[in-house]
Amino acid sequence: MKKNIKLILPLAVFATILYSCKPDTKSQESVTVSPEAGTSYKSGDPVIVKAHYSGIKADSVVYLIDSVKVASRKDSSAISLKTDTMALGPRIITARVYQDGKNQEGSTNIVLLPSKPPIAYTYKVLKVFPHDTSCYTEGLLYQDGFLYESGGGYGDPPKDQEKDGTSSLRKVDLATGKVLQKVMLDPKIFGEGISIVGDKIIQLTWKDKIGYVYDKNTFKLQSTFTNNVGAEGWGMCFDGKKLYMDDSTNRIWFLNKDTYRQTGYIDVYDEKGAVDSINELEYIDGKLYANVYKTNNILVIDPKTGAVLEKIDLTNLYPEDKRAPNADVLNGIAYDAQGKRIFITGKKWPNLFQVEFVKK
């Protein structure tokens with residue numbers, strides 16, 4: 001009998017282990033979502049989305065885009081997503097399948113591109129103004145008859161200039177290029193884009209994660225704020241309700257005009273894909289105008305979707321083979337809303353140009 005017991009016990013243990021290793025059909029139940037991840041669509045194209053699942057008796061299926069509910073079904077039937085007003089770039093689609101109060105999820109993603117290429121524009125020079133060649137232009141705007149300009153740079157300035165640093169905030173006479181008012185930044189700080197909000201001037205910094213708030217009339221520093229939005233601080237503009245800020249990538253952030261905290265964003269795309277290095281910004285008649293760093297292009301961008309609507313080629317505005325030794329790339333867009341004038345300059349350029357954009 002002892003021999004039989006010894007034989008039976010190992011068999012019982014083996015059977016227990018074998019049973020415990022059986023696949024749990026419930027744990028294998030999964031939800032997948034079509035279309036295939038990474039599929040590209042043009043803005044305006046419908047996207048047919050369907051949840052696929054087995055072993056689940058669904059009470060309902062809820063569909064979400066970037067965590068926002070967009071549709072629901074009582075079964076596994078497909079939905080058709082409208083994309084004409086959807087922001088461009090990667091969009092995450094999630095299907096949440098409910099059964100008896102519990103749910104399982106599956107996700108996929110699509111890449112949404114503009115429906116058509118940007119319209120090609122060139123320019124016409126209407127007038128030329130002098131520009132201070134000591135200013136490495138990072139931000140430029142026009143208000144109340146004056147230019148306001150932010151200059152970047154590290155370290156001490158030349159001996160005949162202020163002792164504080166090379167980054168600055170300036171108020172400039174348009175006709176003469178004369179600097180009427182200026183405040184210098186710490187030599188360790190690199191100044192970047194600016195905007196005017198009421199009686200305040202907001203100035204970004206490059207890698208320092210600091211923002212400055214000045215009194216517009218006195219240039220006295222009123223406060224600073226921590227700016228952890230985005231990779232770096234680059235360009236900035238204001239549409240009367242919110243601030244726009246870019247950060248070296250293809251992303252343009254929305255900031256609260258009073259707290260400077262993030263409230264949203266768009267990603268900039270043309271029909272080929274993401275457009276990186278979006279730089280100095282200006283808001284003109286409901287659209288965003290942006291320099292693309294180290295190029296001679298200005299893009300006109302839809303502030304709701306991120307689509308590049310127009311592309312302006314300014315290659316010959318100040319030809320590289322004719323530039324002064326210290327002159328750098330095109331950078332700086334300012335708009336006179338009352339006079340409907342657009343001004344363009346570059347880093348340490350000797351001139352500022354009033355231009356008109358015309359179709360090629």
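The structure this text deals with has already been given above.
Calculation criteria
- Residues numbered from 1 in each chain as written.
- Predicted model: local features only at pLDDT ≥ 70, side-chain atom pairs only at ≥ 80, totals over all residues.
- Heavy atoms only, no water.
- Phe/Tyr/Trp six-rings, centres within 6.5 Å; stacked < 30°, edge-to-face > 60°.
- Helix = DSSP H or I, 4+ residues; strand = E, 2+ residues; numbered from the N terminus.
- Buried < 20%, exposed > 50% of the residue type's maximum accessible area, 1.4 Å probe, protein only.
- Pairing = 2+ DSSP bridges.

(A) Spotlight on the packing of aromatic side chains. The tally for this structure, following the rule as stated, stands at 15 aromatic pairs. When the centroid spacing of 4.9 Å and the interplanar angle of 80 degrees are considered together, the rings of Y318 and W349 count as edge-to-face. Here the residue Y318 occupies a position in the loop between β27 (308-313) and β28 (330-336), and W349 occupies one in the loop between β29 (341-346) and β30 (351-359), the gap between them amounting to 31 residues. Judged by relative accessible area, which is 12%, Y318 ranks as buried. On the accessibility criterion, W349 (1% relative accessible area) is buried.

(B) The pairing of β27, seen in detail. Pairing analysis gives three bridges linking strand β9 (residues 119-130) to β27, with the strands arranged parallel. In the sheet register, A120 faces β27, and the bridge partner there is K311. As paired strands, strand β26 (residues 297-301) and β27 are joined by five bridges and run antiparallel to one another. When the sheet's bridge partners are listed, I301 is paired in β27 with V308. Between β26 and β27, which pair antiparallel in sequence order, lie six residues; one of them, G306, sits at a positive phi of approximately 90 degrees.

(C) The arrangement of the pairing of strand β10 (residues 137-143) in detail. Most of β10 sits out of view: six of its seven residues are buried. With six bridges joining them, β10 and strand β11 (residues 146-151) adopt antiparallel strand pairing. Residue pairing for β11: Y142 is matched across the bridge by L147. Between the end of β10 and the start of β11, which pair antiparallel, lie two residues, with D144 showing a positive phi angle near 55 degrees.

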